[in-house]
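Read off the chains here:
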Amino acid sequence: MVLSIVRWVKGYLRIRAEGYSPERFLNACRYRGIDLWGLKSAGGAYEMYISLEDFRKSGTFLRKTGTRVKVRRRHGLPFFLYRFRRRKLFFAGAFLGASLLYILSLFIWEIDIEGNRERTDEAILSFLHTEDIYCGMASGDVDCSRISEELRRKFDDFVWVSAAVDGTKLIIRVKENEVGTEEKNVSGEERGTDLTAERDCRIVSIVTRKGTPSVRAGAEVKKGQILVSGRMDLTDDAGEVTGYRYTQAQADITGEYRISYEDTQERSVTVRDYVYDRGSQIRQKEYFLRIGAWTLTFGSVKNSYPDQEYHTEEKQLFHDSAFAFPVFYGVREAVPCSLRKETRSDGQLREILSARFQRACRDMEKKGLEIVENDVKIYTEQNAASAKGTVTVRGPVGTASDSQILPEPEAAGRTERED
Amino acid sequence: MLLRGRMADAAEIPRELALSLPVLRAVGRQEIRIENYRGIREYTQELIRISTKSGEIRLTGRRLGIEYYTNAEMKITGLVSAIEYRQQKEG
């Protein structure tokens, strides 16, 4: 394949060798390192392919071997160019195309970010933009080591960053710290954190792993009250506090609290009836192409029905690539319909409200809350029905906040003694 | 010739290198590649005579063609019916 392309570019000939002993011509070619291919014996003569360059060389020994050579066909780029030498616009176009390709290859057209899980592509790209790294920049201006350095500085959870230019694509590979940010806080040795109550509740259970618990199971606590303190008192033999040590308090604290629930449903609802024509629903579609503020549409959504639903679906061209063109395309659809009021019965309202309440309960359970009790009741009125009541739930209530740093008691104690 | 052959065997050099013997590789009846040859003596669609250092090789068949003919190797395609070795009479 490669060889045939090289031959085509250099140009080759189909020649016919005739004479007393054309074999001598073949052997002379071989002796001088001239490659022949596609040999065919035809009526006492030989036809073969020879490259243009070798054909010129063969002139010297043609006479010696007593062979007459006729050129049958010419192949390849040199002959192609010669045949079309007068077509100036063709050459201008080829030159323009080649130069355009070259010029376009001087820019970065795509930024590919790999390995990021916590940080989104958008966050990284917008940061890179502030550092003057963007799609369409000259690829010569890309300083890969600077990019990786800046990224590491900006995002401290990146433990490893590499940037490389591959053609017109800037590839940024990152490795995030999977252990999390907990480790980072440890470095701030003196700063401790407490666990405080997120809301008013009754503590059901408390299991402390780190820190000093300040409440017991069964205690009623207020919002913001310290549940587990991150400060540990250091005492001497006499039981006097000599100093404090601060840690990140860690505990599983479950509290029980009430959540009020309210939901209403109107008795009359608007129902849409779609218009059918010979069994199929009437839909009017319009395809459009939008470039900036300019829109080109095919079809129309105009109709004479008073009420209708409009659906629009719009997509951006090359949306996935980092270099987004302001070209959108999509389809608009008008579905004619008529509106009417419908009244729900008590049973239907009850069904709707209880289904919604069940869904709310499921959502709470998904958040890790355990429902202990619920006294939500459904009340029906003339125009509407409502579900009202409270749900008693158990769930985690501790939230981290910075510990208050106290002055060291040791110094204070000594001064007292000296007095 | 004999001595060189024995020396080549003792030194474990392939014989085709030491004695410039022709190497033929045939793929079915359709394709033969030949190395270590001197030249073509005769070529028609039915017969190809190739001279080598140790004699002449005659390939007979139908629609014989030479796909390429270079200093190192040649490749013959077509339908080969016989490969024949003949002792060289003259150089």
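Refer to the preceding data block for the structure.
Nothing here was measured: the structure is a model prediction, and the numbers come from that model.

A. Representation of helix α9 (residues 346–366) of chain A. All names here are of chain A. The terminal C-alpha atoms of α9 lie 30 Å apart, and with 21 residues this matches the ideal 30 Å at 1.5 Å per residue to within 8%. Residues of α9 that are buried include every one of Leu 349, Leu 353, Phe 357, Cys 361 and Met 364, and no others. Buried residues of α9, seen end-on, are gathered within an arc of 105° and therefore sit on one face of the element. Residues of α9 that are exposed and point more than 90 degrees away from the buried face comprise Glu 351 and Lys 366.

B. Spotlight on empty space enclosed by the protein. Residue and element names in this part refer to chain A. Considering all chains together, one arrives at 1 cavity of 30 Å³ or more under this definition. Lining the largest cavity are Phe 127, Leu 128, Glu 131, Ile 133, Arg 146, Ile 147, Glu 150 and Leu 151. Going through the elements one at a time, α6 (121–130) and α7 (144–154) are the ones with two or more residues in the lining of the largest cavity. Grouping the constituent residues of the lining of the largest cavity by class yields 5 nonpolar, no polar and 3 charged.

C. Summary view of unusual backbone geometry. Positive phi is not limited to glycine here, since Asp 132 of chain A has a value of about 65°. Tracing the backbone shows Asp 132 of chain A in the loop between α6 and α7. Despite not being glycine, Asn 36 of chain B shows a phi value in the positive range, around 55°. For Asn 36 of chain B, the location among the structural elements is in the loop between β2 (31–35) and β3 (39–43).

D. The arrangement of the environment of Ala 334 of chain A in detail. All names here are of chain A. Within the element layout of this structure, Ala 334 appears in strand β22 (residues 327–343). With 23 residues separating them along the chain, Ala 334 and His 311 place their C-alpha atoms 6.5 Å apart. With near-sequence residues (within four places) excluded, Ala 334 lies in contact with Ile 282, Arg 283, Gln 284, Val 301, Asn 303, Gln 308, Glu 309 and Tyr 310.

E. Main features of a nonpolar patch on the surface. All names here are of chain A. On the surface, Met 1, Val 2, Ile 5, Val 6, Trp 8 and Val 9 cluster together into a nonpolar patch covering about 620 Å² of accessible area. Tracing the backbone through its elements, the reader meets Val 9 in helix α1 (residues 2–10). Relative accessible area serves as the criterion here: at 41%, Val 9 is assigned to the partly exposed category.

F. Examining the packing of helix α2 (residues 22–31) of chain A against helix α3 (residues 52–65) of chain A more closely. All names here are of chain A. With their axes 10 Å apart at the nearest point, α2 and α3 run at an angle of 145° to one another. Of the two possible hands of crossing, α2 and α3 adopt the one that is right-handed. Facing α2, whose interface residues are Arg 24, Phe 25, Ala 28 and Cys 29, α3 presents Ser 58, Phe 61, Leu 62, Lys 64 and Thr 65. Split by residue class, the contact of α2 with α3 holds 5 nonpolar, 2 polar and 2 charged.

So, how was this worked out
- Residues numbered from 1 in each chain as written.
- Chains lettered and ligands numbered in written order.
- Predicted model: local features only at pLDDT ≥ 70, side-chain atom pairs only at ≥ 80, totals over all residues.
- Heavy atoms only, no water.
- Helix = DSSP H or I, 4+ residues; strand = E, 2+ residues; numbered from the N terminus.
- Expected span 1.5 Å × (residues − 1).
- Buried < 20%, exposed > 50% of the residue type's maximum accessible area, 1.4 Å probe, protein only.
- Arc of directions from axis to C-beta.
- 1 Å grid on protein atoms, 1.4 Å probe; cavity = no way out; pocket = protein on both sides within 12 Å on 5 of 7 lines; lining within 4 Å.
- Points joined across faces, edges and corners; volume = space filled by probe spheres on them.
- Nonpolar A, V, L, I, M, F, W, Y, C, P; charged D, E, K, R; others polar.
- Contact = heavy atoms within 4.5 Å.
- Patch = residues over 30% accessible without salt bridge, like charges linked within 9 Å, V, L, I, M, F, W, Y side chains within 5 Å.
- Areas by Shrake-Rupley, 256 points an atom, 1.4 Å probe, with all protein chains shown as cover.
- Salt bridge = Lys/Arg side-chain N within 4 Å of Asp/Glu carboxyl O.
- Axes fitted to C-alpha atoms, helices over the stretch in contact; angles between N-to-C directions.
- Left-handed = near helix turned anticlockwise from the far one by under 90°.

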